[in-house]
Amino acid sequence: MAERAMGSIRVNRYSIVSTEEDGHKVSALGSMNGHSRNGKGHAPRRKHRNRFVKKNGQCNVYFANLSNKSQRYMADIFTTCVDTRWRYMLMIFSAAFLVSWLFFGFLFWCIAFFHGDLNAPAVAGSPSLLKPCIMHVNSFLGAFLFSVETQTTIGYGFRCVTEECPLAIMAVVVQSIVGCVIDSFMIGTIMAKMARPKKRAQTLLFSHHAVISVRDGKLCLMWRVGNLRRSHIVEAHVRAQLIKPYMTEEGEYLPLDQRDLNVGYDVGLDRIFLVSPIIIVHEIDEESPLYGIGKEELETENFEIVVILEGMVEATAMTTQARSSYLASEILWGHRFEPVVFEEKNHYKVDYSRFHKTYEVAGTPCCSARELQESKMTILPSPPPPSAFCYENELALVSQDEDEDDDEVGVVLGGNTKEEGGIIQMMDFGSHLDLERLQATLPLDTISYRRESAI
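Small disclaimer: the values here were computed from a predicted structure and weren't measured.

Visitor: Help me understand the overall build of the chain, please; the structure alone is not making it clear to me.
Guide: Each helix and strand counted, the chain has 13 helices and 14 strands in total. Expressed as a percentage of the 455 residues in the chain, the buried residues total 36%. For the chain, the exposed area adds up to about 27800 Å²; of that, 58% sits on carbon and sulfur atoms.

Visitor: Would you take a moment to explain the sheet that holds strand β9 (residues 319–327) for this structure?
Guide: By definition, the strands of a sheet pair up through backbone hydrogen bonds, in either a parallel or an antiparallel sense. Reading across the sheet, the four strands line up as β6-β5-β8-β9 and stay open at both edges, with antiparallel pairing between neighbours. Only two strands of the sheet have a single neighbouring strand rather than two, namely β6 (253–260) and β9. Across this sheet, the average inter-strand angle for adjacent strands is 25 degrees, counted without regard to direction. Here strand β5 (residues 233–247) runs beside strand β8 (residues 304–313); their pairing, made up of nine bridges, is antiparallel. Within β8, the position partnered with Leu 242 by the bridge is Ile 305.

Visitor: Please clarify how the packing of helix α5 (residues 86–115) against helix α7 (residues 166–194) should be interpreted in this entry.
Guide: For any two helices packed against each other, the geometry comes down to the angle between their axes and how far apart the axes lie. Following both chains from N to C, one finds α5 and α7 inclined at 175 degrees, their axes separated by 11 Å at the closest point. Between α5 and α7, the angle falls in the class roughly antiparallel. Its residues assigned to classes, the contact of α5 with α7 shows 21 nonpolar, three polar and two charged.

Visitor: What am I meant to see in α7 here?
Guide: Side chains that are three or four residues apart share a direction in an α-helix, a result of its 3.6 residues per turn. The terminal C-alpha atoms of α7 lie 42 Å apart, and with 29 residues this matches the ideal 42 Å at 1.5 Å per residue to within 8%. Those residues of α7 that fall on the buried side of the exposure criterion are Ala 168, Ala 171, Val 172, Gln 175, Gly 179, Ile 182, Thr 189 and Lys 193. Where α7 is buried, its residues meet α4 (77–83), α5 and α6 (140–151).

Visitor: Is there a simple way to think about the packing of aromatic side chains in this case?
Guide: Any aromatic ring pair is given by two values, namely how distant the centres are and how the planes are angled relative to each other. Across all of its chains, the model carries nine aromatic pairs by this definition. The interplanar angle of 70 degrees and the centroid separation of 4.9 Å between the aromatic rings of Phe 108 and Phe 146 together place this pair among those described as edge-to-face. Here Phe 146 lies in helix α6 and Phe 108 lies in helix α5, a separation of 38 residues in the sequence. Comparing Phe 108 with Phe 146, the two get one shared label, buried. Through a chain of ring-to-ring contacts, the aromatic side chains of Phe 106, Trp 109, Phe 113 and Phe 114 assemble into a single cluster. Above the plane of the ring of Tyr 73 lies Lys 69, whose end atom (NZ or CZ) is 5.8 Å from the centre.

Visitor: Is there a simple way to explain the pattern of salt bridges in this structure?
Guide: If charged atoms from side chains of opposite charge come close, those side chains can pair. Scanning the model with the defined rule gives 11 salt bridges in all. When the shortest N-O distance is used, the salt bridge between Lys 131 and Glu 163 registers 2.8 Å. With a gap of 32 residues between them, Lys 131 in the loop between α5 and α6 and Glu 163 in the loop between α6 and α7 connect regions that are remote in the sequence. For Arg 259, the salt bridge goes to Asp 257, with nearest N and O atoms at 3.1 Å. Judged by relative accessible area, Arg 259 falls into the partly exposed class, the value being 38%. Beyond isolated ion pairs, a larger network of salt bridges with shared partners links Arg 51, Lys 55 and Glu 330.

Visitor: Got a minute to help me understand the confidence of the model for the chain in this structure?
Guide: Caution is warranted with low-pLDDT regions, since their predicted coordinates should not be read in detail. Considering every residue of the chain, the mean pLDDT works out to 76; 70% of them sit at 70 or more. Within the model, pLDDT remains below 50 along residues 1–43, and this stretch shows 61 contacts once partners closer than five positions in the same chain are excluded. Counting contacts from residues 385–389, a segment whose pLDDT is below 50, to residues more than four positions away or on other chains yields 12 contacts.

Visitor: Just checking my understanding: could you explain the side chain of Ser 325 for this structure?
Guide: Along the polypeptide, Ser 325 turns up in strand β9. Note on Ser 325: relative accessible area 0%, which makes it buried. A polar contact of 2.5 Å, which involves the side chain of Ser 325, links it to the backbone oxygen of Val 53. Ser 325 has contacts with Arg 51, Val 53, Lys 54, Lys 55, Glu 304, Ile 305, Val 306, Val 307 and Glu 330, leaving out every residue within four places of it along the chain.

Visitor: I'm lost on the state of the cysteines in this one. Help?
Guide: Think of a disulfide as a covalent bridge from one cysteine sulfur atom to another cysteine sulfur atom. Under the counting rule described, the total for this entry stands at one disulfide. Between the sulfur atoms of Cys 133 and its disulfide mate Cys 165 the distance is 1.5 Å. Of this pair, Cys 133 sits in the loop between α5 and α6 while Cys 165 sits in the loop between α6 and α7, and the two are 32 residues apart along the sequence. With no disulfide partner, Cys 366 has as its closest neighbouring cysteine sulfur the one in Cys 367, 7.7 Å distant.

Visitor: How do you make sense of a nonpolar patch on the surface when you look at a structure like this?
Guide: On the surface, a cluster of nonpolar side chains totalling about 350 Å² of accessible area is made up of Leu 98, Leu 102, Phe 106 and Phe 140. Ranked by residue count, the leading element in the nonpolar patch is α5, at three residues. Looking at where Phe 140 falls in the secondary structure, it is placed in helix α6. For Phe 140, a relative accessible area of 35% translates into the label partly exposed.

Calculation notes
Residues numbered from 1 in each chain as written. Predicted model: local features only at pLDDT ≥ 70, side-chain atom pairs only at ≥ 80, totals over all residues. Heavy atoms only, no water. Helix = DSSP H or I, 4+ residues; strand = E, 2+ residues; numbered from the N terminus. Buried < 20%, exposed > 50% of the residue type's maximum accessible area, 1.4 Å probe, protein only. Areas by Shrake-Rupley, 256 points an atom, 1.4 Å probe, with all protein chains shown as cover. Pairing = 2+ DSSP bridges. Axes fitted to C-alpha atoms, helices over the stretch in contact; angles between N-to-C directions. Parallel < 35°, antiparallel > 145°, perpendicular 65-115°, else oblique. Nonpolar A, V, L, I, M, F, W, Y, C, P; charged D, E, K, R; others polar. Expected span 1.5 Å × (residues − 1). Contact = heavy atoms within 4.5 Å. Phe/Tyr/Trp six-rings, centres within 6.5 Å; stacked < 30°, edge-to-face > 60°. Lys NZ or Arg CZ within 6 Å of the ring centre and 35° of its normal. Salt bridge = Lys/Arg side-chain N within 4 Å of Asp/Glu carboxyl O. pLDDT = per-residue confidence, 0-100. Polar contact = N/O pair within 3.5 Å; in protein donor to acceptor, adjacent residues only side chain to side chain. Disulfide = S-S within 2.5 Å. Patch = residues over 30% accessible without salt bridge, like charges linked within 9 Å, V, L, I, M, F, W, Y side chains within 5 Å.

Below, the structure written as C-alpha cells:
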C-alpha cells in the first residue's frame, strides 16, 4: 500500500521512461503524428546520419583503394593474426602445419627416390644390397608419416634417418627448426589474442541514452558508465568528442569535424574511481559546442557524441579502451538517471536493472545555455516545501522496505508510537492531499534517504 501511494505521487511529478524500447516508441509516435516532443507543431525532419562509432564501440569506417594493402599487412603478420577472427586464425595455423608436413614429406620421398630406396627389396629377412637414407620409407605415405613424426617429435622408433645421406640429415634439422618457429608463433598469437584488453571492454557499460538537465544551477550533458566486474580499472579516465559536419570560413567542408567536450579535465574530474556506476557530467558553458542548442534545436541537430573510457586492466596492467556514442536523437532533454546505488546495513547495493532508466524532471528550461546567459536568468535550486518528496528518497525507502526482515515488519506494524502510527495511516491514505499533509508532519531520516550523488 505504501508503494502504491508513493507511486501515485511519482506519476504526478515525473514521467518515467522505463526502458530504451519505450523511449523509441514515444519518439516514433511523435514522428508519425508530425509533432515534436514538446507538441508545438511540426518540426523539421532530422537528416539520417550514419554512426561513426557504433554502440558496441566498433568504428563504422571502411577503407578503400589502399595501395599495397596485402604487403603492408604481411609485413606486420603478428598483428594481422592477432586481429584475425579465431576461425580464420585456426585455419591459417592448421594450413601451415599441413603444408610443412607435406613439403618435408615430399622432400624425404625425393631423397629416398633418387637414392634408390624405393626399389630396394622389402622381403623380411633378405639382406639389402643398399643401405637406405631413411629406414622403412618405401612410399610417399611413409615419407609423410616420417615428416609428421619428426616435426611433432613423436618418435615411434620405427622410421629413422641414417648416416648414409647427409642431405636427409640436413632436411631433418631444417624441419625441426621450422616446426619450432610455427609452434612459437602459434602459441604467442593465441596467448596475445586471449589476453587482449579489448575483451575487458565488453564488461564496461554505457547507458543507452544521454540526458540534459540542470545540475548545480547549470545545464549539463550527462551519461552513465559502469563496471560489471569486481576487478578495478586502474587510472580510469573519460573523454568525449562531438562529431558533426562543419563548413569553414573559406568554404572547406569537413564531414567529420571533431571537437572535445570538457568533462573536467582541468580540475581532474575526468579521472574516476569506477567501483560503482558513475554519471559523467559535461557542463554546457561558453566553450561547449552545445552552448547554443536548446530543446527544439536538439530535435533537428545532426551530430554524434563519442564517449571513451580508458584505463589499465588490474589483472594484466594492459590499457583498455571502451567506446560508445550518442546521436542527437538519443539525448533526452530534461531527464535524469534513476539512482542505482543504495545503502544497506553492511554494504552498498548496485541495482543494474535501473542502469539505463531515466525519469523526466519538471521545470527544466527548454532554451539553450546561451539564451539563459543572455537573459541573465539564474537557475537556483529552490528549497523544496515540507511536503515535497524526492524521487531518489522514494526509491531508497522502497529498497529499505524490501530488505527488512519479517520480524522487523511485525515490530513496525505493532508499534504504538506516534511516528509508527503515522506510517500505518499513510498506507491507508488514498487522497493525494491528505498524504501531502501527512508527509509534512513526518520527520525524514537524513541517513536513510540519500541521493546517488551523495553516495
